[in-house]
Amino acid sequence: MTALPLDLQILNALAALLLLVSFAMLSQRRIVTLVSLLALQGALLCAATLLLAWRTGENHLYLSAALTLALKVIFLPWLLYRLIRRLGVYWDTEPLLNISGTMLVGLLIVVFAFGLAQPIAALASTAMRSAIGIAVAVVLLAFLTMITRRKAMSQVVGFLSMENGLFFGAMSATYGMPMIVELGVALDVLVAMLVLGVFFFQIREQFDSLDLHHLEALKEED
Amino acid sequence: MNAVTALEWFTQVLEVITALAAAPLLFGWVNQCRAWLQNRSAPSLLQPYRSIRKLFHKDAVLATNASPLFRIAPYVIFGTMAAAAAVIPSVGTHLPFTPVADGIALVGLLATARVFQALAAMDVGTAFGTLGARREMMIGFLAEPALLMVIFVASLLSASTALPAIAEQLASQAVGIYPSLAFTAVAFTMVLLAENARIPVDNPATHLELTMIHEAMLLEYSARHLALLEWAATLKLFNYTCIGFALFAPWGTAHSETPQALLAALPIFGLKLLVAGGGIALVETLSAKLRVFRAPEFLATAFLFAVLGLLVRLLLGA
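Chemist: Looking at this structure, how should I read the overall build of chain A?
Modeler: From N to C terminus, chain A includes 7 helices and 0 strands. Listing the helices and strands of chain A from first to last along the sequence gives α-α-α-α-α-α-α. Scaling as 2.2 N^0.38, a compact globule of 222 residues should have a C-alpha radius of gyration of about 17 Å, and chain A matches this with 18 Å. Taken over 222 residues, chain A has a buried fraction of 50%.

Set out below in structure tokens:
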């Protein structure tokens, strides 16, 4: 067996850990831990970006890494922690599907994602093309997290984790998106987060709970 | 040729004798570490030997409605565990017995022991025995696929399902970061804890009726039968630890059957056992016992880790 260069090995390990964190988020009941996992995912992403920037010498990746660190590791988790404290939502209710069932569905999704990414990976020429499958899997697992959760807070965490997956996908397929797009997405996420924070308070005001289940009854009775 | 075969047989016999003799010692060592970590005064390292000897000297009492199966079961279970010990490479990898059973057959061997244990527990018809047997089967059917997946990942890396070949291949491959092996190692540790009635799933030190699994199945046994079953339980822990070594820490095992190589391998093996025993005690001390109905979740996580290892191996080749 020929050994890969060390930096590529570390990149692969980081990719595998990203996938693991996605599964941990899928199985987590406590919202506080969910946010910590999101921060951890951001940190892994930041480390991977830094390593890739060093390996390829693409300078704009350093900027992406700094952006990831500032936004996804520090600012957004801090904002979420604050929201959790102010709203007093520490636990999600039992997810729609039990945890073991969700994990098995998650495994099927990973297999699907790997199959989906195979042709894309064959076209890409980057060093990390095999990690595209993992990026797709992270996105789909974040989808699953959003689908199986009831509380608005966990759904937002799922949404942010999905953004992480997209970012990782862009990084492994083409060494990152153009800077302008990346800045735009970062700004979008930031604004979305701030707006959603206001929404949380509105939803709670209206229904005395953050359970999105209540929103389904919003349509007019006839 | 003949001389070599004789030496190989010697390795084989040495392995089985080491397993039979050292298994209670490993058990005692884990108990001792646990006691230290929990600030209790530790029982002697030789305590498992003493209790086994004491049990052998007692007269056996059998329930009046016990069938022959109840009496055969301890011998079958002990026999399967000893046979499993013969197949797993612990000190050396040149074993004449190993072509008989590869990793998958080994899982089957361990399952045989489980089936007999459960049947014997239900045989007398007490409530506790049945309860223990049912719980054991619940844990078993979840732990087995996880263990098989772990073995599959190692087989994928080394292109063989025979444990000695896996151990040799993994010991000789380039040093590097293998996320797949790391994931499967976590999965294997979880399976080891669940299968050996260790703390997150079962507490071996308790006779509290509502939580016990393994102890509940032994309640009807006494004297030599109980001694054999307890010895088999220590052997099971020893076997699992050795499977772990073969898959995740294959260094230092003798790859030839010369006496020098074996002599060099023995202390390393002892050292690995010391570390593993301490590690098991540490995990047990740090974790809390799960509710029985959380056990499937625990084992589903183990299965998940193993499958993730497999997928990561297939996709990243790492």
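Next, the rest of the story.
Chemist: Whenever I open this one, the pattern of salt bridges confuses me. Can you help?
Modeler: Think of it this way: side chains of opposite charge can pair up when their charged atoms draw near. All names here are of chain B. Under the definition given, this model contains 9 salt bridges over all chains. A salt bridge links E136 to R114, with the nearest nitrogen and oxygen atoms 4.0 Å apart. Here E136 is found in helix α5 (residues 127–158), whereas its partner R114 is found in helix α4 (residues 103–123), with 22 residues between them in sequence. Here the residues in one salt-bridge network are R114, E136, E144, E195 and K236, joined through shared partners.

Chemist: Sorry, what's going on with the environment of A:G57 here?
Modeler: All names here are of chain A. Position of G57 relative to the elements: it lies in the loop between α2 (31–56) and α3 (59–87). By relative accessible area, G57 is classed as partly exposed at 48%. Taking C-alpha positions, G57 is 23 Å from A16, a pair spaced 41 residues apart along the chain.

Chemist: Looking at this model, I keep getting lost on the packing of α2(A) against α3(A). Mind explaining?
Modeler: Residues and elements named next belong to chain A. With their axes 8 Å apart at the nearest point, α2 and α3 run at an angle of 175° to one another. Taken as axis vectors, α2 and α3 run roughly antiparallel relative to one another. Split into classes, the residues belonging to the contact of α2 with α3 amount to 21 nonpolar, 6 polar and 1 charged.

Chemist: Can you help me understand the nonpolar core in this one?
Modeler: Within soluble globular proteins, side chains that are nonpolar generally end up buried alongside one another. One finds A:L19 and A:F168 to be the most contacted residues of the largest nonpolar core, which totals 156 residues. Beyond its immediate stretch of four places on either side in the chain, A:L19 contacts A:V110, A:F114, A:I134, A:A137, A:V138, A:L141, B:L308 and B:V312.

Chemist: Just checking my understanding: could you explain the interface of chain B and chain A for this structure?
Modeler: A common way to state how big an interface is: give the accessible area lost once the parts meet. In this complex, chain B contributes 23 residues to the contact, which on the side of chain A involves 26 residues. Approximately 2,100 Å² of surface area, both sides summed, lies buried where chain B meets chain A, with 79% of it carried by carbon and sulfur atoms. At the junction of chain B and chain A, the tally comes to 0 salt bridges. The interface formed by chain B and chain A contains 0 residue pairs in polar contact (both at pLDDT 80 or more). Of all the secondary structure elements, the ones that give two or more residues to the side of chain B that touches chain A are α7 (179–195) and α11 (295–316) of chain B. Sort the elements by how many residues they give to the side of chain B that touches chain A and α11(B) lands first, with 13 residues. Considering only residue class, the side of chain B that touches chain A consists of 17 nonpolar, 3 polar and 3 charged.

Chemist: What exactly am I supposed to notice about the confidence of the model for chain B here?
Modeler: For any part of a model where pLDDT is low, the fine detail of the predicted coordinates should not be relied upon. Looking at chain B as a whole, its pLDDT mean stands at 85, while 97% of the residues score no less than 70. The ipTM, which scores confidence in the relative placement of chains, is 0.76 for this predicted complex, and the corresponding pTM is 0.84.

Chemist: Honestly, the packing of aromatic side chains in this entry has me stumped. Any pointers?
Modeler: The description of an aromatic ring pair rests on the distance of the ring centres and on the angle between the ring planes. Scanning the entire structure with this criterion turns up 9 aromatic pairs over all chains. Taking 6.1 Å as the distance between ring centres and 85° as the angle between the ring planes, the aromatic pair formed by B:F245 and B:F269 counts as edge-to-face. Of this pair, B:F245 sits in helix α9 (residues 223–248) while B:F269 sits in helix α10 (residues 259–286); the two residues are 24 residues apart in sequence, bridging distant segments of the chain. Residue B:F245 shares its accessibility class with B:F269, and that shared class is buried. What links up through ring pairs into an aromatic cluster is the set B:F188, B:Y240 and B:F248. Sitting over the face of the ring of A:F167, A:K72 holds its NZ or CZ atom 4.5 Å from the ring centroid.

About the cut-offs
- Residues numbered from 1 in each chain as written.
- Chains lettered and ligands numbered in written order.
- Predicted model: local features only at pLDDT ≥ 70, side-chain atom pairs only at ≥ 80, totals over all residues.
- Heavy atoms only, no water.
- Helix = DSSP H or I, 4+ residues; strand = E, 2+ residues; numbered from the N terminus.
- Rg over C-alpha atoms; globule rule 2.2 N^0.38 Å.
- Buried < 20%, exposed > 50% of the residue type's maximum accessible area, 1.4 Å probe, protein only.
- Salt bridge = Lys/Arg side-chain N within 4 Å of Asp/Glu carboxyl O.
- Axes fitted to C-alpha atoms, helices over the stretch in contact; angles between N-to-C directions.
- Parallel < 35°, antiparallel > 145°, perpendicular 65-115°, else oblique.
- Nonpolar A, V, L, I, M, F, W, Y, C, P; charged D, E, K, R; others polar.
- Core = buried A, V, L, I, M, F, W, Y, C linked by side-chain atoms within 4.5 Å.
- Contact = heavy atoms within 4.5 Å.
- Buried area = accessible area lost by both parts, 1.4 Å probe.
- Polar contact = N/O pair within 3.5 Å; in protein donor to acceptor, adjacent residues only side chain to side chain.
- pLDDT = per-residue confidence, 0-100.
- Phe/Tyr/Trp six-rings, centres within 6.5 Å; stacked < 30°, edge-to-face > 60°.
- Lys NZ or Arg CZ within 6 Å of the ring centre and 35° of its normal.

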